[in-house]
Amino acid sequence: MTKLFKIRRLLSSVLHKYNYSTAAKSMPTVKINSTEFISDDYTNVTPKIISYLGRNLHLQNDNPLSIVRQRIVQYFYKSFTHRGKPTFSVYDNLSPIVSTKQNFDDLLIPVDHPSRAKSDCYYINKDMLLRAHMTAHQSELLRSGLNNFLMIGDVYRRDEIDSTHFPVFHQLDVVRSQRKEQLFPNHPDLDIFEPTFDKERPHLFTNTITDPTKQSCHTLEATKLMEAQLKNHLIGLVQVLFGDDIKYRWVDAYFPFTHPSWELEIYYENNWLEVLGCGIVRNEILANAGPNNTIAYAFGLGLERLAMALYKIPDIRLMWSQDSGFLTQFQNKELNAKITYKPVSVYPQCTNDISFWLPENITIDTFMSNDFYDLVRDIGGDIIEQVKLKDKFIHPKTKKHSLCFSIVYRHLERTLTQAEVNKIHKDIENAIVSAFNVVIR
Ligand code: PHE
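Please read all numbers here as calculations on a predicted model, not as lab measurements. (Residues numbered from 1 in each chain as written. Predicted model: local features only at pLDDT ≥ 70, side-chain atom pairs only at ≥ 80, totals over all residues. Heavy atoms only, no water.)

Participant: Just checking my understanding: could you explain the overall build of the protein chain for this structure?
Facilitator: When you go through the protein chain residue by residue, the secondary structure sums to 12 helices and 17 strands. Its C-alpha radius of gyration of 23 Å places the protein chain within 12% of the 22 Å reference for a compact globule of 441 residues. Seen through its principal axes, the protein chain has C-alpha atoms that stretch 75 × 50 × 45 Å. The buried share among the 441 residues of the protein chain stands at 54%. (Helix = DSSP H or I, 4+ residues; strand = E, 2+ residues; numbered from the N terminus. Rg over C-alpha atoms; globule rule 2.2 N^0.38 Å. Buried < 20%, exposed > 50% of the residue type's maximum accessible area, 1.4 Å probe, protein only.)

Printed below as a string of structure tokens:
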């Protein structure tokens with residue numbers, strides 16, 4: 001998971017004007033499936049990205065993401081049943097086209113929050129985008145009367161290019177709510193809310209998050225009990241997936257839609273790997289959506305991260321492979337079978353550098369690298385393995401700024417020839433000259 005919803009980043013670079021946006025430049029509307037959307041100066045979704053919609057890797061039987069999804073759903077069904085029936089409902093087919101209200105406003109994400117930046121999201125227009133997280137559906141499902149549910153699907157974020165990042169990935173989000181009687185069955189004297197909070201008139205109370213341990217409307221007992229249940233439940237999950245010996249740690253976090261919030265990291269191949277974000281749902285979200293007598297916890301985890309670690313899959317692009325050498329390794333397997341991915345064969349990489357002078361009004365700090373990455377991926381497709389910044393340079397006399405990137409090309413299923421890589425590389429050079437007004441060195 002990238003840190004999109006967590007950190008506050010500087011917005012300055014977002015405002016500069018050379019924004020790569022194929023859709024906005026060449027057509028007044030964007031067509032997705034059979035629906036046409038009016039485009040505007042927010043539009044930055046590309047035809048390449050649109051082509052991933054509907055692939056639903058999390059629902060394809062032989063895909064590792066689908067195996068991880070089923071294992072987690074099974075864990076939930078086992079953990080929470082009432083008279084033999086699961087008490088959770090599962091939504092794995094919600095449309096990834098959402099409004100800014102769903103993705104941000106309903107979740108109390110401030111209007112100036114960096115996670116809304118055009119440089120980080122795929123906007124269809126100023127009101128619609130490809131969801132950047134599954135939490136985008138939380139409010140509507142609460143509003144429809146649900147208390148306990150799971151949401152699974154594809155999410156879209158503009159990001160760097162390397163073996164663990166892809167602009168489309170998959171998340172599983174959960175909400176579990178409880179009423180006073182469910183949370184404290186043997187303690188009728190305990191309550192979810194502080195006596196000063198009137199749950200029938202929540203707007204009369206300013207719910208603050210200045211106390212790091214809890215929201216001001218909640219009692220400490222309710223918050224602590226929810227925290228313990230949430231953490232136990234999640235530790236149980238990673239132990240079911242990775243075995244009882246898995247090393248883990250909790251890290252305090254900040255999300256606009258939960259308080260308090262945490263992240264869970266697991267120790268995997270000598271590194272701490274962040275696998276999920278979670279917390280106690282902000283009471284405003286519950287109150288706005290309907291239920292005014294419950295407290296809820298929520299979490300969101302990235303399926304790719306888990307699948308890559310569980311099955312030792314070295315490159316995130318493999319999830320999209322339709323090659324039988326990949327898929328057969330996950331076919332007709334027991335859900336809990338131990339599978340270790342064996343590379344079918346490793347085809348060689350080809351690395352070509354690209355260096356260019358930036359136009360006068362742009363510096364090495366304001367250059368929008370995510371626009372550049374999208375363009376490289378648009379032209380090169382999935383044979384782009386990595387794009388890394390190699391060098392920055394300011395000419396001592398002319399004061400012109402220059403950047404050099406290495407582009408690593410590798411096909412997952414065959415050897416690329418230098419000639420075909422050179423041709424694609426040349427196409428990328430031509431495209432960046434016209435999109436960003438740069439001069440190739
Ligand atoms: N939506 C958050 C993300 O994508 C994860 C999250 C979900 C955190 C629910 C808290 C509660 O980073």
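There is more to say, and it comes next.
Participant: Could you clarify how one ought to interpret the site of the ligand in this entry?
Facilitator: Taken together, 15 residues form the shell around the ligand, and within it His133, Thr135, Arg157, Gln171 and Gly300 come nearest. Within the side chain of threonine 135, one N or O atom sits 2.8 Å away from a nitrogen atom of the ligand. Glutamine 171 places a polar side-chain atom, nitrogen or oxygen, 3.0 Å from an oxygen atom of the ligand. Contributing elements (two or more residues each) for the shell around the ligand: β9 (168-179), β12 (271-281) and β13 (294-302). Residue contributions to the shell around the ligand peak at three residues, all from β13. For the shell around the ligand, the class distribution of residues is seven nonpolar, six polar and two charged. (Near = heavy atom within 4 Å. Polar contact = N/O pair within 3.5 Å; in protein donor to acceptor, adjacent residues only side chain to side chain. Nonpolar A, V, L, I, M, F, W, Y, C, P; charged D, E, K, R; others polar.)

Participant: Could you clarify how one ought to interpret the domain arrangement of the protein chain in this entry?
Facilitator: The extent of an interface is frequently quoted as the accessible surface area lost upon association of the parts. Once the domains are mapped, the protein chain shows domain 1 (47-311) and domain 2 (350-440). When each unit is reduced to the centre of its C-alpha atoms, the spacing between domain 1 and domain 2 is 36 Å. Of all residues in domain 1, the largest losses of buried area upon contact with domain 2 belong to Lys48, Arg158 and Ile161, amounting jointly to 53% of the total for that side. Across the contact surface, domain 1 and domain 2 share three salt bridges. (Domains from an automatic or database assignment. Buried area = accessible area lost by both parts, 1.4 Å probe. Salt bridge = Lys/Arg side-chain N within 4 Å of Asp/Glu carboxyl O.)

Participant: In this structure, what is going on with the packing of aromatic side chains? I would like to understand it.
Facilitator: Working definition: an aromatic ring pair is given by the centre-to-centre distance plus the angle between the planes. The full count for this structure, using the stated rule, is 25 aromatic pairs. Each residue in the set Phe356, Phe367, Phe372, Tyr373, Phe405 and Phe436 is aromatic and connected to the rest through ring pairs, giving one cluster. (Phe/Tyr/Trp six-rings, centres within 6.5 Å; stacked < 30°, edge-to-face > 60°.)

Participant: What is the right way to read the UniProt feature "domain: Aminoacyl-transfer RNA synthetases class-II family profile" (unreviewed entry) in the protein chain from this model?
Facilitator: This chain's UniProt record puts "domain: Aminoacyl-transfer RNA synthetases class-II family profile" (unreviewed entry) on residues 68-343. Secondary structure content for residues 68-343 is 25% helix and 26% strand, and the end C-alpha separation is 20 Å. (UniProt positions renumbered as here; feature names shortened; annotations may be inferred.)

Participant: I'm lost on the pattern of salt bridges in this one. Help?
Facilitator: Oppositely charged side chains can form a pair if their charged atoms are brought close together. One pass over the structure, following the stated rule, counts 22 salt bridges. Put simply, glutamate 181 and arginine 179 hold a salt bridge, and the shortest N to O gap is 3.1 Å. Using a relative accessible area of 48% as the deciding quantity, one classes glutamate 181 as partly exposed. Between glutamate 227 and lysine 231 there is a salt bridge, and its shortest N-O distance comes to 2.9 Å. Separated by four residues within a single helix, glutamate 227 and lysine 231 lie in helix α7 (residues 220-242), roughly one turn from each other. Three or more residues are tied together by salt bridges with common partners; here these are Asp315, Arg317, Glu385 and Arg410.

Participant: In this structure, what is going on with empty space enclosed by the protein? I would like to understand it.
Facilitator: The gaps of empty space that remain are located by a probe, the size of a water molecule, rolled over the atoms. Summed over all chains, the structure comprises three cavities of 30 Å³ or more. Computed from the structure, the second largest cavity encloses a volume of approximately 50 Å³. Considering the residues around the second largest cavity, the lining is formed by Tyr122, Asp159, Glu160, Ile161, Phe166, Pro167, Asn370, Tyr373, Asp374 and Arg377. Residue composition of the lining of the second largest cavity, by class: five nonpolar, one polar and four charged. Composition of the lining of the second largest cavity by domain shows at least three residues from each of domain 1 (47-311) and domain 2 (350-440). (1 Å grid on protein atoms, 1.4 Å probe; cavity = no way out; pocket = protein on both sides within 12 Å on 5 of 7 lines; lining within 4 Å. Points joined across faces, edges and corners; volume = space filled by probe spheres on them.)

Participant: Looking at this model, I keep getting lost on the pairing of strand β1 (residues 29-32). Mind explaining?
Facilitator: Sheet faces and side chains relate simply in a regular strand, where the side chains alternate between the two faces. Alternating residues of β1 divide into Val30 and Ile32, all buried, and Thr29 and Lys31, none buried. Both β1 and strand β2 (residues 35-38) contribute to a ladder of four bridges, which runs antiparallel. Bridging across to β2, isoleucine 32 finds its partner in threonine 35. Linking β1 back to β2 in an antiparallel pair, the connection comprises two residues, with asparagine 33 at a positive phi of about 55°. (Pairing = 2+ DSSP bridges.)

Participant: Help me out: how do you make sense of the packing of helix α11 (residues 369-380) against helix α12 (residues 418-436) in this one?
Facilitator: Pairs of packed helices are described in terms of their axes, by the angle between the two and the distance that separates them. Across the interface, α11 lies against α12 with an axial gap of 10 Å and an inter-helix angle of 140°. Of the possible angle classes, the one that applies to α11 and α12 is oblique. Judged by the sense of rotation from one axis to the other, the crossing of α11 with α12 is right-handed. Taking contact as the criterion, the partners of Asp371, Phe372, Leu375, Val376, Ile379 and Gly380 in α11 are, on α12, Ile424, Asp427, Ile428, Ala431, Ile432, Ala435 and Phe436. (Axes fitted to C-alpha atoms, helices over the stretch in contact; angles between N-to-C directions. Parallel < 35°, antiparallel > 145°, perpendicular 65-115°, else oblique. Left-handed = near helix turned anticlockwise from the far one by under 90°. Contact = heavy atoms within 4.5 Å.)

Participant: Looking at this structure, how should I read the packing of helix α3 (residues 64-79) against helix α9 (residues 303-311)?
Facilitator: One can describe the packing of α3 onto α9 by two numbers: an axis separation of 9 Å at closest approach and a directional angle of 100°. Of the possible angle classes, the one that applies to α3 and α9 is roughly perpendicular. Contacts from Pro64, Leu65, Ile67, Val68, Arg69, Arg71 and Ile72 in α3 reach Leu303, Glu304, Leu306, Ala307, Leu310 and Tyr311 in α9. For the contact of α3 with α9, the residue count by class is 10 nonpolar, no polar and three charged.

Participant: Got a minute to help me understand the side chain of threonine 294 in this structure?
Facilitator: By the secondary structure assignment, threonine 294 is in strand β13. With residues up to four places along the chain from it excluded, the contact list for threonine 294 reads Ser177, Gln178, Arg179, Ile192, Phe193, Asn283 and Leu286.

Participant: Help me understand the environment of glutamine 74 in this model?
Facilitator: For glutamine 74, the position within the fold is in helix α3. Look at glutamine 74 and you get partly exposed, because its relative accessible area is 31%. Spatially, the C-alpha atoms of glutamine 74 and lysine 338 are 17 Å apart, while their sequence positions differ by 264 residues.

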